[in-house]
Amino acid sequence: LYALGNIHLNNNDLNLALKCFEGVVDIPRIPDPSDNSIQTQVLQEEYEKIVMDSYQKIGQIYRRLKNYPLAIETYKSISDKYPENAALQLEGEILTAETYVDQELYEKALELCTEVLDQATNPRQIERAQYSRAMAFLCLLIFEQARTDLESIITENALNTLKSDA
């Protein structure tokens, strides 16, 4: 279903892609969490990656269709499905903030991005939250704050690139 959803998405057949990705997220989690075998752990990790990506794509499809309430509902369901995973919850919040920017709800986007930045430790999540916040600042004509966020992204990207090359 996941691969088929990606094919439909690439062909811009949003309704069929949506059905496929919704089918993926409806697949139950691996049933026995007490099974700590490496095989079960690997399967669980792969399952979570595919389900998370499916949630993101469902939300993106709703955003492309300009159905913002369903996009936000989709992103909030990430928290419901993974209450124990702080990184996935932050991901859902970043996607929600991006949707607020799409809707021109800039104050809500600023608030949510700031909350994410207070909690995030993942460099990619920090960068995305800063970028969304910078876009909201720009739209609100708050140029100095937008500049600060964008400069931070550029500086951190350069440092991360240097670190990975070292």
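What you see is a predicted model; the values in this text were computed from it and never measured.

Participant: Describe in detail the overall build of the protein, supporting the description with residues and values.
Facilitator: Looking only at helices and strands, the protein features eight helices and zero strands. Ordered by position from N to C terminus, the α and β elements of the protein give α-α-α-α-α-α-α-α. Dimensions of the protein, computed from the C-alpha atoms along their principal axes, are close to 50 × 40 × 30 Å. Residues counted as buried form 41% of the 166 residues belonging to the protein. Nonlocal contacts in the protein, meaning residues at least 24 apart in sequence, comprise 50% of its contacts between residues at least 6 apart. Working note: accessible area of the protein is about 9,800 Å², and carbon and sulfur atoms make up 55% of it.

Participant: An account of the confidence of the model for the protein is requested, with residue identities and associated values reported.
Facilitator: Looking at the protein, the pLDDT average stands at 88 and 92% of residues meet or exceed 70. Helix H6 (residues 106-119) holds the highest mean pLDDT among the elements of the protein, 96, whereas helix H8 (residues 143-165) holds the lowest, 77.

Participant: Just give me the short version of the packing of helix H5 (residues 86-102) against H6, but keep the residues and values in it.
Facilitator: Between H5 and H6, the shortest axis-to-axis distance is 8 Å and the interhelical angle comes to 160°. If you check the angle between H5 and H6, you find them roughly antiparallel. Crossing hand, H5 versus H6: left-handed. Contacts between H5 and H6 involve Leu 90, Glu 93, Ile 94, Thr 96, Ala 97, Tyr 100 and Val 101 from the first element and Tyr 106, Lys 108, Ala 109, Leu 112, Cys 113, Val 116 and Gln 119 from the second.

Participant: An account of the environment of Lys 57 is requested, with residue identities and associated values reported.
Facilitator: For Lys 57, the position within the fold is in helix H3 (residues 38-64). In this structure, the C-alpha to C-alpha distance between Lys 57 and Leu 14, residues 43 residues apart in sequence, is 10 Å. The residues touching Lys 57, leaving out its near neighbours within four places in the chain, are Tyr 2, Asn 6, Leu 9 and Phe 21.

Participant: Explain the environment of Ile 50 residue by residue, including any values.
Facilitator: Within the fold, Ile 50 resides in helix H3. Counting along the chain gives 26 residues from Ile 50 to Val 24, while the straight-line C-alpha distance between them is 7.9 Å. Beyond its immediate chain neighbours, meaning those up to four positions away, Ile 50 contacts Tyr 2 and Val 24.

Participant: Lay out the side chain of Thr 74 with the relevant residues and their values.
Facilitator: Mapped onto the elements of the fold, Thr 74 is located in helix H4 (residues 68-81). Take Thr 74: its relative accessible area is 10%, and that puts it in the buried class. Engagement of the side chain of Thr 74 in a polar contact is seen with the backbone oxygen of Leu 70, the distance being 2.8 Å. If sequence neighbours within four positions are ignored, Thr 74 has contacts with Tyr 55, Ile 58, Gly 59 and Tyr 62.

Participant: Describe a nonpolar patch on the surface, naming the residues involved and giving the relevant values.
Facilitator: Together, Leu 138, Leu 141 and Phe 143 give the surface a local cluster of nonpolar side chains, amounting to about 310 Å² of exposed area. Mapped onto the secondary structure, Leu 141 falls in the loop between helix H7 (123-139) and H8. Leu 141 sits in the exposed class, given a relative accessible area of 60%.

Participant: Can you explain the pattern of salt bridges? Please cite residues and give values.
Facilitator: Evaluated as defined, the whole model comprises nine salt bridges. The partner of Lys 57 in a salt bridge is Asp 53, with the nearest N and O atoms 2.9 Å apart. One end of the pair is Lys 57 and the other is Asp 53, both in helix H3 and four residues apart, which spans about a single turn. Within the structure, one salt-bridge network assembled from shared partners comprises Arg 63, Glu 91, Glu 98, Asp 102 and Arg 128.

Definitions and cut-offs
- Residues numbered from 1 in each chain as written.
- Predicted model: local features only at pLDDT ≥ 70, side-chain atom pairs only at ≥ 80, totals over all residues.
- Heavy atoms only, no water.
- Helix = DSSP H or I, 4+ residues; strand = E, 2+ residues; numbered from the N terminus.
- Buried < 20%, exposed > 50% of the residue type's maximum accessible area, 1.4 Å probe, protein only.
- Contact = heavy atoms within 4.5 Å.
- Areas by Shrake-Rupley, 256 points an atom, 1.4 Å probe, with all protein chains shown as cover.
- pLDDT = per-residue confidence, 0-100.
- Axes fitted to C-alpha atoms, helices over the stretch in contact; angles between N-to-C directions.
- Parallel < 35°, antiparallel > 145°, perpendicular 65-115°, else oblique.
- Left-handed = near helix turned anticlockwise from the far one by under 90°.
- Polar contact = N/O pair within 3.5 Å; in protein donor to acceptor, adjacent residues only side chain to side chain.
- Patch = residues over 30% accessible without salt bridge, like charges linked within 9 Å, V, L, I, M, F, W, Y side chains within 5 Å.
- Salt bridge = Lys/Arg side-chain N within 4 Å of Asp/Glu carboxyl O.

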